[in-house]
Amino acid sequence: QVQLVESGGGLVQAGGSLRLSCAASRSFLTLTAMGWYRQAPGKQRELVAVITRGGPINYADSVKDRFTISLSRDNADNTVYLQMNSLKPEDTAVYYCNAWLFDINYWGKGTLVTVSS
């Protein structure tokens, strides 16, 4: 079992920045991958960014060069961040933290990001 708790969402003006955090109940070193997805109103959930243990970091084309996914550097190593810069109104969505433990997928409850124009 993996519990995921997101935080850091809110309202920001276009061009601004936000940092999302996701605290997992176990270290990233014991997981297969962690990442962020988002779902805008009336749209399907889509990948934003993902870190695979021992593998590459992948970003959606729409957020490359604006968003950065990273892991905590403390001993717990159980928090993943999403630094979001140069935000656009089309980034408005509920952002979900995601973790893979072998072939089982876990989700957080999501945090709302609203970007005003």
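Above this text is the structure in question.
Source: prediction; values computed, not measured.

Asker: Which residues make up the side chain of Asp-91, and what values do they have?
Answerer: Turning to its location among the elements, Asp-91 is positioned in the loop between strand S8 (79–84) and strand S9 (93–101). In terms of polar contacts, Asp-91 uses its side chain to reach the backbone amide nitrogen of Lys-88, at 2.8 Å.

Asker: Describe the nonpolar core, and please don't skip the residues or the numbers.
Answerer: In terms of nonpolar packing, the biggest core is built from 31 residues, with Leu-4, Met-34, Trp-36, Leu-82, Met-84 and Tyr-95 touching the most fellow members. Listed by contribution, the elements that provide at least two residues to this core are strand S3 (18–24), strand S4 (33–39), strand S5 (46–52), strand S7 (67–71), S8, S9 and strand S11 (111–116). Of all the elements, S9 adds the most residues to this core, at 5 residues. The contacts of Leu-82, once residues within four sequence positions are left out, are Leu-18, Arg-19, Leu-20, Trp-36, Val-48, Ala-49, Phe-67, Thr-68, Ile-69 and Tyr-95.

Asker: Break down the side chain of Ser-72 for me, with residues and values.
Answerer: Along the chain, Ser-72 falls in the loop between S7 and S8. Judged by relative accessible area, which is 8%, Ser-72 ranks as buried. Reaching out from Ser-72, the side chain makes a polar contact with the backbone nitrogen of Asn-78 at a distance of 3.4 Å. Beyond its immediate stretch of four places on either side in the chain, Ser-72 contacts Asp-77, Asn-78, Thr-79 and Tyr-81.

About the criteria used
- Residues numbered from 1 in each chain as written.
- Predicted model: local features only at pLDDT ≥ 70, side-chain atom pairs only at ≥ 80, totals over all residues.
- Heavy atoms only, no water.
- Helix = DSSP H or I, 4+ residues; strand = E, 2+ residues; numbered from the N terminus.
- Polar contact = N/O pair within 3.5 Å; in protein donor to acceptor, adjacent residues only side chain to side chain.
- Core = buried A, V, L, I, M, F, W, Y, C linked by side-chain atoms within 4.5 Å.
- Buried < 20%, exposed > 50% of the residue type's maximum accessible area, 1.4 Å probe, protein only.
- Contact = heavy atoms within 4.5 Å.

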